[in-house]
Amino acid sequence: CFVFIVLSYVQIFRAVLRIPSEPGRHKAFSTCLSHLAVVSLFLSTGIFAHLKPPTTSSPSLDLCVAVLYSVLPPAVNPLIYSMRNQELK
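Residues numbered from 1 in each chain as written. Predicted model: local features only at pLDDT ≥ 70, side-chain atom pairs only at ≥ 80, totals over all residues. Heavy atoms only, no water.

The name that an unreviewed UniProt entry assigns to the protein chain is Olfactory receptor 14J1, with the source organism given as Opisthocomus hoazin. Under the UniProt heading Subcellular location (unreviewed entry), the note attached to the protein chain is "Cell membrane". (UniProt positions renumbered as here; feature names shortened; annotations may be inferred.)

> I tried to follow the packing of helix H2 (residues 22-51) against helix H3 (residues 59-70) on my own but got confused; where do I start?
When two helices pack together, their arrangement is given by the angle between their axes and by how far apart the axes lie. At their nearest, the axes of H2 and H3 sit 9 Å apart, and the two run at 150° to each other. In terms of axis orientation, H2 runs roughly antiparallel to H3. Note that H2 runs across H3; the crossing there is left-handed. Residues Phe42, Thr45, Gly46, Phe48 and Ala49 of H2 touch H3, and the partners they reach there are Leu61, Val65, Leu68 and Tyr69. The residue makeup of the contact of H2 with H3, split by class, is seven nonpolar, two polar and no charged. (Axes fitted to C-alpha atoms, helices over the stretch in contact; angles between N-to-C directions. Helix = DSSP H or I, 4+ residues; strand = E, 2+ residues; numbered from the N terminus. Parallel < 35°, antiparallel > 145°, perpendicular 65-115°, else oblique. Left-handed = near helix turned anticlockwise from the far one by under 90°. Contact = heavy atoms within 4.5 Å. Nonpolar A, V, L, I, M, F, W, Y, C, P; charged D, E, K, R; others polar.)

> So what exactly am I meant to see when it comes to H2 here?
At 3.6 residues per turn, the α-helix brings residues three or four places apart onto the same side. With 30 residues, H2 extends 41 Å from end C-alpha to end C-alpha; this agrees with the ideal 44 Å at 1.5 Å per step. The inward-facing, buried residues of H2 abut helix H1 (2-17), H3 and helix H4 (72-82). Measuring from the side-chain oxygen of the N-cap residue of H2 to the backbone nitrogen of Gly24 gives 3.3 Å; that N-cap residue is Ser21. (Expected span 1.5 Å × (residues − 1). Polar contact = N/O pair within 3.5 Å; in protein donor to acceptor, adjacent residues only side chain to side chain.)

> Hey, could you run me through a nonpolar patch on the surface in this one?
A grouping of Phe2, Val3, Val6, Leu7, Val10, Ile47 and Leu51 is seen on the molecular surface, where their side chains present a nonpolar patch of about 670 Å² in accessible area. Secondary structure elements with two or more residues in the nonpolar patch: H1 and H2. In terms of residue count, the dominant contributor to the nonpolar patch is H1 (five residues). By the secondary structure assignment, Leu7 is in helix H1. (Patch = residues over 30% accessible without salt bridge, like charges linked within 9 Å, V, L, I, M, F, W, Y side chains within 5 Å. Areas by Shrake-Rupley, 256 points an atom, 1.4 Å probe, with all protein chains shown as cover. Salt bridge = Lys/Arg side-chain N within 4 Å of Asp/Glu carboxyl O.)

> Where do I start with the environment of Thr45 in this structure?
As for its placement among the helices and strands, Thr45 is situated in helix H2. Each C-alpha atom of the pair Thr45 and Val65 lies 6.6 Å from the other, and the pair is 20 residues apart in sequence. Thr45 has contacts with Val65, Leu68 and Tyr69, leaving out every residue within four places of it along the chain.

> How should the pattern of salt bridges be read in this particular structure?
Side-chain pairs of opposite charge can arise whenever the charged atoms involved come near each other. Taken as a whole and judged by the stated rule, the model has one salt bridge. Taking the shortest distance from any N to any O, the salt bridge between Arg25 and Glu22 comes out at 3.0 Å. Of this pair, Arg25 and Glu22 both sit in helix H2, three residues apart, roughly one helical turn. Taking the relative accessible area as the measure of exposure, Glu22 reaches 53% and is therefore exposed. (Buried < 20%, exposed > 50% of the residue type's maximum accessible area, 1.4 Å probe, protein only.)

> Before we go on, may I ask you to explain the packing of aromatic side chains in this structure?
Working definition: an aromatic ring pair is given by the centre-to-centre distance plus the angle between the planes. For the structure on display, the rule yields two aromatic pairs. Among the aromatic residues, those joined into a ring-pair cluster are Tyr9, Phe13 and Phe29. (Phe/Tyr/Trp six-rings, centres within 6.5 Å; stacked < 30°, edge-to-face > 60°.)

Right under this line is the structure:
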């Protein structure tokens, strides 16, 4: 899944770079980057949770990582997308 996501973003960025107008590219990048921020937050906490050594595991760290992994991306997602709305700015 991770490789598919990375390849998809490479194709999206290549397509956006082919847009001839500067305002069009800017609008497309602002849409992509907000989504990419949420995806990277989700993936980075998931990677950290699964790759950390079990010997250095503490219950409080596990709880913190679990909250970051499962609660934070869905909670931040509407906030990031609403910041693009001119009325909310």
